[in-house]
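A look at the structure
Here is what each chain is made of, one letter per residue.
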Amino acid sequence: MNFSSFAEFVAMGNHGVYVWSSYGISLAVLALNVALPLLARRRHLQDEARRLRREEMK
């Protein structure tokens, strides 16, 4: 593919909206695939620490 300007590259032959939105959605899914397990791990560790503190108080 040969584009004569950056604007043509962004427009992608009038398919730019679909191309760039698919890139955006893919990037969002990849970011969620990284962030959600990290947040779940953090939440699990906090819950376990809270449970251990409750058991120590008994």
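Each value, and the rule that gives it
- Residues numbered from 1 in each chain as written.
- Predicted model: local features only at pLDDT ≥ 70, side-chain atom pairs only at ≥ 80, totals over all residues.
- Heavy atoms only, no water.
- Phe/Tyr/Trp six-rings, centres within 6.5 Å; stacked < 30°, edge-to-face > 60°.
- Helix = DSSP H or I, 4+ residues; strand = E, 2+ residues; numbered from the N terminus.
- Buried < 20%, exposed > 50% of the residue type's maximum accessible area, 1.4 Å probe, protein only.

**Let's talk about the packing of aromatic side chains**
Tallied over the full model, the rule gives 4 aromatic pairs. Between Phe-3 and Phe-9, the aromatic rings sit 5.6 Å apart at their centres with planes inclined by 75 degrees, giving edge-to-face as the arrangement. For the pair Phe-9 and Trp-20, a centre-to-centre distance of 5.6 Å together with 70 degrees between the ring planes defines the contact as edge-to-face. Of this pair, Phe-9 sits in helix 1 (residues 6-11) while Trp-20 sits in helix 2 (residues 16-57), placing them 11 residues apart in sequence. Each residue in the set Phe-3, Phe-6, Phe-9, Trp-20 and Tyr-23 is aromatic and connected to the rest through ring pairs, giving one cluster.

**Some words on unusual backbone geometry**
A positive phi is found at Met-12, a non-glycine position, where the angle reads about 50 degrees. Relative to the assigned elements, Met-12 resides in the loop between helix 1 and helix 2. Given a relative accessible area of 17%, Met-12 falls into the buried group. Unusually for a residue other than glycine, Asn-14 sits at a positive phi of about 70 degrees. Considering the arrangement of structural elements, one finds Asn-14 in the loop between helix 1 and helix 2.

Function cannot be read off these values alone, since they describe shape.
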